[in-house]
Amino acid sequence: MVIALLLGLLGFGISVQFKAGSSDAELAAARPEDLVRILSDLDAQQDRLRREISDLEETRRQLDSGAQGRDAALAEARKRADELGILAGTLPAEGPGLSIEITPGTEKVKAEVILDAIEELRGAGAEAMQISGREGGAVRVVAATYFVDGDNDRLVVAGSSLTAPYTIMVIGGPDTMRTALNIPGGVVDSVRQHGGTVLVREADPVRVTALHAAGELRYAKPA
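These lines cover the structure that appears in this document, whether it is placed above or below. Small disclaimer: the values here were computed from a predicted structure and weren't measured.

**Things to note about the nonpolar core**
Judged by nonpolar contacts, the single largest core of 32 residues is most densely connected at Ile100, Ile114, Leu121, Ile131, Ile168 and Val170. Other than its neighbours up to four places away in sequence, Val170 contacts Pro96, Gly97, Leu98, Ile100, Leu121, Ala126, Ala128, Met129, Met177 and Val206.

**A few points about the sheet that holds strand E5 (residues 155-157)**
Here 3 strands make up an open sheet; going across it, the order is E4-E5-E6 and the pairing antiparallel. Taken across any chain shown, the strands that pair with only one partner, and hence form the sheet edges, are strand E4 (147-149) and strand E6 (160-162). Within the sheet, the average angular offset between the axes of one strand and its neighbour, ignoring direction, is 30 degrees. In this sheet, E5 lies alongside E4 in antiparallel orientation, the contact comprising 3 bridges. Among the inter-strand pairings, Asp149 is bridged to a residue of E5, identified as Leu155.

**As for the sheet that holds strand E7 (residues 166-171)**
The pairing of strands in a sheet happens through backbone hydrogen bonds and is either parallel or antiparallel. One open sheet accounts for 5 strands, arranged E3-E2-E7-E1-E8; its pairing is antiparallel. Each edge of the sheet is formed by a strand with only one pairing partner; in this case those strands are strand E3 (139-141) and strand E8 (197-208). For this sheet, the mean angle separating the axes of adjacent strands, direction not counted, is 25 degrees. Of the pairings in the sheet, the one linking strand E2 (residues 128-133) to E3 comprises 3 bridges and is antiparallel in character. Each residue of the ladder has a partner; that of Met129, found in E3, is Val141. The sheet strands contacting helix H4 (residues 174-181) are strand E1 (93-103), E7 and E8, and the helix crosses E1 at an angle near 20 degrees.

**Observations concerning the pattern of salt bridges**
Taken as a whole, this structure holds 6 salt bridges when the rule is applied. Between Arg80 and Glu83 there is a salt bridge whose closest N-O contact spans 3.5 Å. Pair noted here: Arg80 and Glu83 are both in helix H2 (residues 32-88), with a separation of 3 residues, about one helical turn. Assessed through its relative accessible area of 45%, Arg80 is described here as partly exposed.

**Thoughts on the pairing of E1**
Pairing of E1 with E8, which is carried by 10 bridges, proceeds in the antiparallel orientation. The residue bridging Ser99 from the neighbouring strand is Arg201, located in E8. As paired strands, E1 and E7 are joined by 6 bridges and run antiparallel to one another. Looking at E7, one finds that Ser99 is bridged to Met169.

Cut-offs used in this document
- Residues numbered from 1 in each chain as written.
- Predicted model: local features only at pLDDT ≥ 70, side-chain atom pairs only at ≥ 80, totals over all residues.
- Heavy atoms only, no water.
- Core = buried A, V, L, I, M, F, W, Y, C linked by side-chain atoms within 4.5 Å.
- Buried < 20%, exposed > 50% of the residue type's maximum accessible area, 1.4 Å probe, protein only.
- Contact = heavy atoms within 4.5 Å.
- Pairing = 2+ DSSP bridges.
- Helix = DSSP H or I, 4+ residues; strand = E, 2+ residues; numbered from the N terminus.
- Axes fitted to C-alpha atoms, helices over the stretch in contact; angles between N-to-C directions.
- Salt bridge = Lys/Arg side-chain N within 4 Å of Asp/Glu carboxyl O.

This is the structure we're talking about:
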């Protein structure tokens, strides 16, 4: 078996050498112009294969980066849409924040006092708010929300009539917002001067579920 294997390897080597010799003999017998053409064809084929490899690798990189880029762009767009929805009041939100209950004393709590509270909370970084009363549903507070004094000591918020006590649910940094409410001459002082109370409780999470119906644009359009 060993002798047969050696004879086989010897025959294979002789065959390869014969073919190589035949090929060398053919090339040796070829005309110079034929050799130049063969070399030129081989160079052209090599260049073509290199370009194809380069194009395929570039396509793969584009597909890889494109898929990742599309996923990242889509994720960022969704995140931005959610943030804008929360700011516009068209999406519910939850997070750390405060529950603020305002109860009137000898005098009603006027709309300007509630508006001051909203502005102080906004200035302290409030991200989402809603206000409700003992009677009347919760109202989402957005940039366009208005507050006016209604009849029978009621508070009108964006067209909804609320009765005291009023509860503001607000999402944001609890410590900063609490400090803003308790500044001298602020909302807490103003309500207490008239015998009322302001109960501020920290909560996590605060859930702001009231939604603002986005109006149809009549005049504004993207610039």
